[in-house]
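For reference, the chains in residue letters:
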Amino acid sequence: MDDLSFTKTWHSLPYATVLENLQSSSNGLSSSEAAKRLKENGPNTLFRQKRETKLRILIRQLKSPLIYILLIAAALAIIMGKITDGIVVFSVILINTVIGFIQEHQAGNAIQGLLKLISENATVMRDGVQKNIPSLQLVPGDYLLLQAGDRVSADIRLTFVKNMQCDESILTGESLPVEKITAVTDENIGIADRKNMVFSGTLVTAGTAEGIVVFTGINTEIGKISALLQATKSVKSPLTKSLEKIAKLITYVIILVSVLVFFAGILRGYSFVEAMFSAITLAVAAIPEGMPAVITIASAIGVLRMARRQAIIRHLPSVETLGSTTVICSDKTGTLTRNEMTVQVLWNGKHKFSITGAGINPEGKILNSDTGEDVNQDEITELMRAATLCNDASLQNFQNHWKAVGDPTEVALITASRKSGVIEEELRSSWPRLDELPFDSTRKIMATLNQSSVGEKVIYLKGAPESVMSILTDSKKISGALEPEQVKMEALHLAEAGMRVLAFASKKFENNNSNIIADEDLKEFNFLGLIAMNDPPRMEVKDAIDACHKAGITVKMITGDHPATASAIGRQLGLLDADKVITGVELQKLNEAALRKELKTTHIFARVSPEDKLKIVMALQANGEVVAMTGDGVNDAPALKRANIGVAMGISGTAVAKEAADMVLANDDFNSIKAAIEEGRRVFDNLFKSIVFLLPTSIGLGLVILIAVLLFPINDGMLLMPMQPVQVLWINLITAVALSLPLALEAMEPDVMARPPRKPGKPLLNTYAVLRLTLISMIMAGGTIGLFLWEYHIELSRGTPRPLALSEAQTMAVTTMVLFQVFYLIDCRSLRFSIRKIGVFSNPFIYLGVGIVLLAQVAFVYLPFMNQWFHSSPIAAEAWGFSALVALSIWVIIGIEKWVRKRYFKRVKP
């Protein structure tokens, strides 16, 4: 029994064999046997993933090479008596750590959400008696009883069903409830087609059933998803990877150069303290301390902007990942489609009619498909009457908002009837129901007996076309000259278009002595017509998909629905190669290499399992793609977690899917994904501008200190440094951050959705960008050192005491570097276009930032307490003029460089 309880093929065995193999019966297990099996198999629950402690999350924020250097520099500064310098550096580390901790701590635990899907109690047969027990105590072999409204507690092979339907959308993505049977199914079919099974976590929507528990706990389908979630690792964002590489490079270079500076200082006669002070100053100068804060705050600004476009970001790095997305794997139901069944076509055996409108809003028209004119109501009166009376659904209007009550298919029929002018309450009042044959999953028909106000009795019949046609064919009675084969061909044609087709028929009930439908009454019906419906695509999605294609982003559909339905929706939405569909069964036969090859040309996948979705995402990533995966069900969670950017549905999504995702769509609309990608590209562009702005400042400051240590003389034992560490921090933190943050608010570049995504393996900074940053750094360093030496010697020539002359020269050097930043900032507003192209005043925050920095620099120069904290001194107005004139050179030089590149090197991009 132990081995058999873990077989995967219970659905392919007769239920009598299942009962025999599990040594059980319809009387259930004995209490002693159940206790024994509970001990062997363990409780019917999922593994609880241990939550990460707050301390571990906090410590992880400090795991960065740049943070390590800052910690060392801060500690050494305090040891050497530079208390202010050390406190400032520690403050920077603290701010970044707190921001990162808060953001990451908010992320939930997806596994915990799965536990909420397991029903707390279950009704079983134990010792031949019906009992209600905690679902934790269920074991393989238990005989379970189910009814409408029950949440299934384990995976169950059904032994008896009566009109049972089950909502399995959380597992399969199937948009409609699934009719259940007890007959044997093929061994190799997927979960969605195992109609003689019900699965843990799914919901019984109609009917009753009995069955034997075959899987519990982690062996259930939902348990496998739990295991996949725990085993699946998240993927770092492209920018995070690039920044880690840059951080490591900067770290190695800083360590190497700082060591060289220390020994160079010793060789030049510096004391140990002076040499160490020089090395620390260099390290503080070269580290872009403000970069982590700028990236975090800029990403947070992007989060707020995306939220206004219905995209809620749960993890900050996901903001820029969207901008690098190359493939979107989208679920169909509710994302690409409306998740509202809508009647599209009526066929009365002679003419075809199309219906406008979508969803449950009954606004729309019925038009003759040949002429485009409004329908002649006489042509569809009986058909719409049958659709309304052989139906249990209704529509209700609450404060101009329509609400549906009933099965989605029947709701669609009622909506269509309303569009033809039929109000279900009024018709049902004038044609009351006398009897009914509920929908039967074996015969696949439903019938009602209704009586008109004048006493006429009519049986109305609806069901699957093949079932209705079998009754009509047996009676040899088809309306007019219509042949049975014509009906079958029309039904097949509609089904191939991805629609669900129902056939309708009627007959007069001649038995005046009875109001009950008997089996012998199910013959000699008149064919009324076919009604075809589907879950229509959101038409605004087509424009979004077209925009994604133009932006170099491939859109793929991954769904649990039927291949024909998926293909039809794909064609309507303009997906590439929509006629080519791979099913889950076909996918499982492909090895990794074959799957990676297929993914380059296949864009629609149907009848897929959670493992299939995960395989698709991983294979795409192996192909070098940056993958955005959408989903709403439990079955989507592993793939959502693994994808570079997991996108969950806010309205229809399960808690599990939302917790596993990086982004949640508040309106479940694919159009919001396209909007989020736009914002993601904007965020990446602006982050890149901020990085390109910050790096030359740090490199330039590092060059200033390096040149000073290697080349400047030592006068009277005084170290001639153009800047002190705390002044370097003023530039790196206060002015650099205040100036770079407005870049995060820059307007969207004109070509943001007209260019391909950034290649995943492409370095953040290409050769051209590195050369450009080097040029800018050298201009900044050269101008700053030049003015420092000029001011220092001018002051000495005027008889100014050497310490004061050094302080004033350092103040002028800091002012020059700040003004360099101001002029360089204007150039960084766009790395590809001129200021006139993007708009001089399109980002007023730039000028606000410049104004704040200039006021702060005035305070740095003239306020006594600032002079004390930062060792600065007041300087004359003409010093500001010289500093501005030298700093302006960077704007001129970069402007010329842009013009030359645009004119002669168009292919070269930063």
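Located above this text is the structure these notes cover.
This write-up is about the structure you can find in this document.

Considering the packing of aromatic side chains
Here is step 1 of the chain: All told, the structure shown has 12 aromatic pairs when counted by the stated rule.
Here is step 2 of the chain: Ring centres of Trp730 and Phe860 lie 5.1 Å apart, and the angle between their planes is 25 degrees; on these two criteria the pair is classed as stacked. Of the two residues, Trp730 sits in helix 27 (residues 725–740) while Phe860 sits in helix 31 (residues 844–862), which places them 130 residues apart along the sequence. Taken as a pair, Trp730 and Phe860 share a single burial class, namely buried.
Here is step 3 of the chain: Seen in terms of ring centroids, Phe865 and Trp869 are 5.3 Å apart; in terms of plane orientation they differ by 80 degrees. Their pairing is edge-to-face. A residue pair is termed a helical-turn pair when its members lie 3 or 4 positions apart in one helix, as Phe865 and Trp869 do in helix 32 (residues 864–870) at 4 residues.
Here is step 4 of the chain: The exposure class assigned to Phe865 is partly exposed, which follows from its relative accessible area of 42%.
Here is step 5 of the chain: By relative accessible area, which is 49% here, Trp869 ends up partly exposed.
Here is step 6 of the chain: Three or more aromatic residues link up through ring pairs in this structure, and these residues are Trp730, Phe860 and Phe870.
Here is step 7 of the chain: The ring of Phe525 carries Lys507 above its face, with NZ or CZ at 5.7 Å from the centroid.

Quick look at the sheet that holds strand 18 (residues 500–508)
Here is step 1 of the chain: Strand order in the open sheet made by the 8 strands is 12-11-10-19-18-17-16-15, with antiparallel pairing throughout. Each edge of the open sheet carries a strand with a single partner, namely strand 12 (366–368) and strand 15 (433–440). Taking each pair of neighbouring strands and ignoring which way they run, the sheet shows an average axis angle of 20 degrees.
Here is step 2 of the chain: Running over the sheet, helix 18 (residues 484–496) touches strand 10 (342–347), strand 11 (352–355), strand 18 and strand 19 (526–534) and is turned about 10 degrees from strand 19.

A word on helix 29 (residues 802–828)
Here is step 1 of the chain: For helix 29, with 27 residues, the first-to-last C-alpha span of 38 Å sits near the 39 Å given by 1.5 Å per residue.
Here is step 2 of the chain: Most of helix 29 is tucked away, with 23 of its 27 residues classed as buried.

Thoughts on the environment of Leu136
Here is step 1 of the chain: Topologically, Leu136 is positioned in the loop between strand 2 (129–134) and strand 3 (143–147).
Here is step 2 of the chain: Given a relative accessible area of 44%, Leu136 falls into the partly exposed group.
Here is step 3 of the chain: Sequence spacing of Leu136 and Leu46 is 90 residues, and the spatial spacing of their C-alpha atoms is 9.9 Å.
Here is step 4 of the chain: Those residues in contact with Leu136 that sit more than four places away from it in its chain are Leu38, Pro43, Asn44 and Thr45.

Description of the pattern of salt bridges
Here is step 1 of the chain: Evaluation of the coordinates by the stated rule reveals 29 salt bridges.
Here is step 2 of the chain: Note that Glu598 is salt-bridged to Lys580, the shortest N-O span being 3.1 Å. Within this pair, whereas Glu598 is found in helix 22 (residues 592–598), its partner Lys580 is found in the loop between helix 20 (563–573) and strand 21 (581–583), the two being separated by 18 residues in sequence.
Here is step 3 of the chain: Residue Glu598 is classed as partly exposed on the basis of its relative accessible area, which comes to 24%.
Here is step 4 of the chain: Here Glu749 ties to Lys689 by a salt bridge, and the two come within 2.9 Å at their closest N and O atoms. One end of the pair, Glu749, is in the loop between helix 27 and helix 28 (767–797); the other, Lys689, is in helix 26 (residues 670–711), and 60 residues separate them in sequence.
Here is step 5 of the chain: Taking the relative accessible area as the measure of exposure, Glu749 reaches 6% and is therefore buried.
Here is step 6 of the chain: Relative accessible area serves as the criterion here: at 2%, Lys689 is assigned to the buried category.
Here is step 7 of the chain: The structure contains a network of salt bridges with shared partners spanning Arg194, Glu221 and Lys224.

Observations regarding helix 31
Here is step 1 of the chain: For helix 31, spanning 19 residues, the distance from its first C-alpha to its last is 28 Å, which sits close to the expected 27 Å at 1.5 Å a residue.
Here is step 2 of the chain: Turning to helix 31, its buried residues are Ile846, Gly849, Val850, Val853, Ala856, Gln857, Ala859, Phe860 and Val861.

Structural notes on the environment of Asp167
Here is step 1 of the chain: Summarising the element assignment, Asp167 is placed in strand 4 (residues 155–167).
Here is step 2 of the chain: With 34 residues separating them in the primary sequence, Asp167 and Gly201 have C-alpha atoms 9.7 Å apart.
Here is step 3 of the chain: Each residue touching Asp167, except ones within four places of it in the same chain, is listed here: Pro177, Thr202, Leu203 and Thr205.

As for the sheet that holds strand 24 (residues 645–649)
Here is step 1 of the chain: Here 8 strands make up an open sheet; going across it, the order is 8-25-24-23-9-20-22-21 and the pairing mixed. Only two strands of the sheet have a single neighbouring strand rather than two, namely strand 8 (311–313) and strand 21. Taking the axes of each pair of neighbouring strands and ignoring which way they run, one obtains an average angle of 20 degrees across the sheet.
Here is step 2 of the chain: Alignment of strand 23 (residues 627–631) against strand 24, held across 4 bridges, turns out to be parallel. Counted as the bridge partner of Ala628 is Ile645 from strand 24.

What counts and what doesn't
- Counting restarts for each chain: residues are numbered from 1 in the order of the written sequence.
- For this predicted model, a pLDDT threshold of at least 70 governs which residues receive local features, and a threshold of 80 or more governs which side-chain atom pairs are given and counted, while totals over whole chains, interfaces and linings are taken from all residues.
- The side-chain figures draw on all heavy atoms in the structure; neither hydrogens nor water molecules are used.
- Under the pairing criterion, centres of Phe, Tyr and Trp rings, with the six-membered ring standing for Trp, must be within 6.5 Å; the plane angle then separates stacked pairs below 30 degrees from edge-to-face pairs above 60, leaving the rest tilted.
- Here a helix means four or more residues in a row that DSSP labels H or I, a strand means two or more in a row labelled E, and each is numbered from the N terminus.
- Residue exposure (1.4 Å probe, protein chains only): buried if accessible area is under 20% of the type maximum, exposed if over 50%, otherwise partly exposed.
- Cation placement over rings: the criterion is NZ of Lys or CZ of Arg within 6 Å of the ring centroid and within 35° of the ring normal.
- Strand pairing requires that DSSP identify at least two bridges connecting the strands.
- Fitted lines through C-alpha atoms give the axes, limited to the stretch in contact for helices. The angle between two N-to-C directions lies from 0 to 180 degrees.
- Throughout, a residue-residue contact means that at least one pair of heavy atoms, one from each residue, lies within 4.5 Å.
- The span one expects for a helix is its residue count, reduced by one, times 1.5 Å.
- Salt bridge criterion: a side-chain nitrogen from Lys or Arg within 4 Å of a carboxyl oxygen from Asp or Glu.

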